[in-house]
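Given next are the chains, with one letter for each unit.
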Amino acid sequence: MTQATRRPRSWMIDTRPLRVPTFRRTWIGNGASYFGFQFTAVAVPVQMFAITGSPTWVGLLGVAGLVPLLIFGLWGGAVADVVDRRKLLLCSSVITWASTLALLVQALLGVRSGHLLLALTAVQSAGFAASSPARQAIVPRIVPERLVPAANTLNYTATTAGGVLGPLVAGVIMGIWSTGAGVTAAYALDALLFSVTFWATWKLPGIPPAARGDGDEKPSAGLRGILAGLRFLVTQPVLLLSFAIDLIAMVFAMPRALFPAVAVQFGGGSVVGWLYSAIAIGAMIGGLTSGWISRIRRQGLALVVAVVGWGVAIGLSGLADHLWVIVLMLALAGAADLVSAVYRQTIMQTFAPDRLRGRLQGVFTVVVAGGPRLGDLRAGATADLTGVGTSWVGGGFVAAGLAVVLACTSPALIRYQSEPERVDAG
């Protein structure tokens, strides 16, 4: 095995995929795009509240973004298995970029329309959802299979860093300028950074659909194609269990809907910022110290352990009486969540055949997007009935317990192992 392909023994993040020029460009583009998107994610609610003065209208932005995400996530996955994935990424990127430019134009023109913001949010979400399955499904096509876990770790670390730094920079922008000028500057920066993603996508080689084997069904970009992917999914316990355990983690143990109430108990102000950023900070640190992730072959067992760790850390954070302990435990939960996300993505990408990978990635997108939102609903509703503490602590420990029960009663996941790395002669 050459030095270039030798598996690293460091605990620091594995950067070998960045030696692949195609992946390196894509990683830079995706990181720039996600960082830029955080400006819009902050600016749109700020502008909506400035226009309407209504928290209800701000809440409608979530609905406007979720519905297209669910629809176009599944459809985009089906299309990704039928057409050249590079072309799909280019077309969907144009939609996303155009919606961002439209947000910039309406801000420059001083248009004060909540309905327009809802419509543009929906279009932007549709473009993102259509591109997301293809963007993830290409990873095993542009890096060697042995580097897929490291590539996914790099991707998750970059997006997590964007999730931490983007809102902070957006807050500085809003603090320097008035709401109108700050919102305009945020949209402009998002549009500028998204151009980096478009450049990286343009530079991709053609990624046509995988060749069909004898007896394979002809892929379809419509409902038939989506149903074919779902039929395959229900016959694969490993994939089903990886999706199920993620839903358990997010639905029962996502506490972010409780953060505003808990922040009040600690005096409010910057406390809520620490609570909302703690999980992302932990995930980012976890990514930077993730050199060991690619060395684990028992990926299914590692996924279960990570979800149990997430649930236990969330439960312990809800029991803490000091803010720094809460933040620390949430950060540990975030590190566990990064490990869980990397293995879930890696198992899906390497276990599923390429001819179905887009459709399954579409289901993955829906699960990843829908789980935390269902978790917000569960946490808020439970808190109204039992109290914030019970909702927070109970949800974390219930998630950990259900993950153990799922793994023990359906052992296909904990038995799953990645293929051993092939050693090249010479």
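Residues numbered from 1 in each chain as written. Predicted model: local features only at pLDDT ≥ 70, side-chain atom pairs only at ≥ 80, totals over all residues. Heavy atoms only, no water.

Looking now at the overall build of the protein. Counting secondary structure elements, the protein contains 16 helices and zero strands. On C-alpha atoms alone, the protein measures out to a radius of gyration of 21 Å, which is about the 22 Å that the 2.2 N^0.38 rule sets for 426 residues. Structurally, the protein occupies a C-alpha span of about 65 × 50 × 45 Å along its principal axes. Sorting the 426 residues of the protein into buried and exposed places 51% on the buried side. Partitioning the intrachain contacts of the protein with sequence separation of at least 6 by distance along the chain shows that 85% fall at a separation of at least 24. Carbon and sulfur atoms make up 70% of the accessible area of the protein, which totals about 18,200 Å². (Helix = DSSP H or I, 4+ residues; strand = E, 2+ residues; numbered from the N terminus. Rg over C-alpha atoms; globule rule 2.2 N^0.38 Å. Buried < 20%, exposed > 50% of the residue type's maximum accessible area, 1.4 Å probe, protein only. Contact = heavy atoms within 4.5 Å. Areas by Shrake-Rupley, 256 points an atom, 1.4 Å probe, with all protein chains shown as cover.)

The gaps of empty space that remain are located by a probe, the size of a water molecule, rolled over the atoms. A complete count under the given rule lists one cavity of 30 Å³ or more for this structure. In this model, the largest cavity occupies a volume close to 30 Å³. What lines the largest cavity is Thr26, Gly29, Asn30, Arg135, Thr197, Ala200, Thr201 and Leu204. Contributing elements (two or more residues each) for the lining of the largest cavity: α1 (21-52) and α7 (179-202). When its residues are assigned to classes, the lining of the largest cavity shows two nonpolar, five polar and one charged. (1 Å grid on protein atoms, 1.4 Å probe; cavity = no way out; pocket = protein on both sides within 12 Å on 5 of 7 lines; lining within 4 Å. Points joined across faces, edges and corners; volume = space filled by probe spheres on them. Nonpolar A, V, L, I, M, F, W, Y, C, P; charged D, E, K, R; others polar.)

Evaluation of the coordinates by the stated rule reveals two salt bridges. Close ionic contact of Asp14 with Arg16 constitutes a salt bridge, the shortest N to O distance being 2.9 Å. A single burial state applies to Asp14 and to Arg16, both of which are buried. Arg344 serves as the salt-bridge partner of Asp246, at 3.3 Å between the closest nitrogen and oxygen. Remark: Arg344 occurs in helix α13 (residues 323-351) and Asp246 occurs in helix α9 (residues 237-253); sequence separation between them is 98 residues. Here Asp246 matches Arg344 in class, with each residue buried. (Salt bridge = Lys/Arg side-chain N within 4 Å of Asp/Glu carboxyl O.)

Turning our attention to the side chain of Thr26. The residue Thr26 is located in helix α1 in this model. Discounting residues that sit within four places of it in the chain, Thr26 has contacts with Ile142, Ala200 and Leu204.

In summary, soluble globular proteins display a tendency toward joint burial of nonpolar side chains. Counting 60 residues, the largest nonpolar core has Trp310 and Leu330 as its most contacted members. It is α13 that provides the largest number of residues to this core, a total of 13 residues. Each residue touching Trp310, except ones within four places of it in the same chain, is listed here: Ala249, Met250, Ala253, Met254, Ile279, Ala333, Ala336 and Asp337. Within the second largest apolar cluster, 20 residues are counted, among which are Val44, Leu118, Leu120 and Tyr187. (Core = buried A, V, L, I, M, F, W, Y, C linked by side-chain atoms within 4.5 Å.)

On average, residues of the protein score 84 in pLDDT, and 91% of them are at 70 or above. Considering only residues more than four positions removed or in separate chains, one finds that residues 1-5, a stretch of pLDDT under 50, has eleven contacts. Confidence drops under pLDDT 50 across residues 421-426; counting only partners more than four residues distant or on other chains, this segment forms six contacts. (pLDDT = per-residue confidence, 0-100.)

Bringing the domain arrangement of the protein into the picture now. Structurally, the protein comprises domain 1 (18-207) and domain 2 (223-419). The gap between the C-alpha centroids of domain 1 and domain 2 is 22 Å. Across the domain 1/domain 2 interface, buried area totals approximately 2,600 Å², and carbon plus sulfur atoms make up 69% of it. Its largest share of buried area at the contact with domain 2, domain 1 owes to Leu74, Asp81 and Tyr156, together 20% of the area lost on that side. (Domains from an automatic or database assignment. Buried area = accessible area lost by both parts, 1.4 Å probe.)

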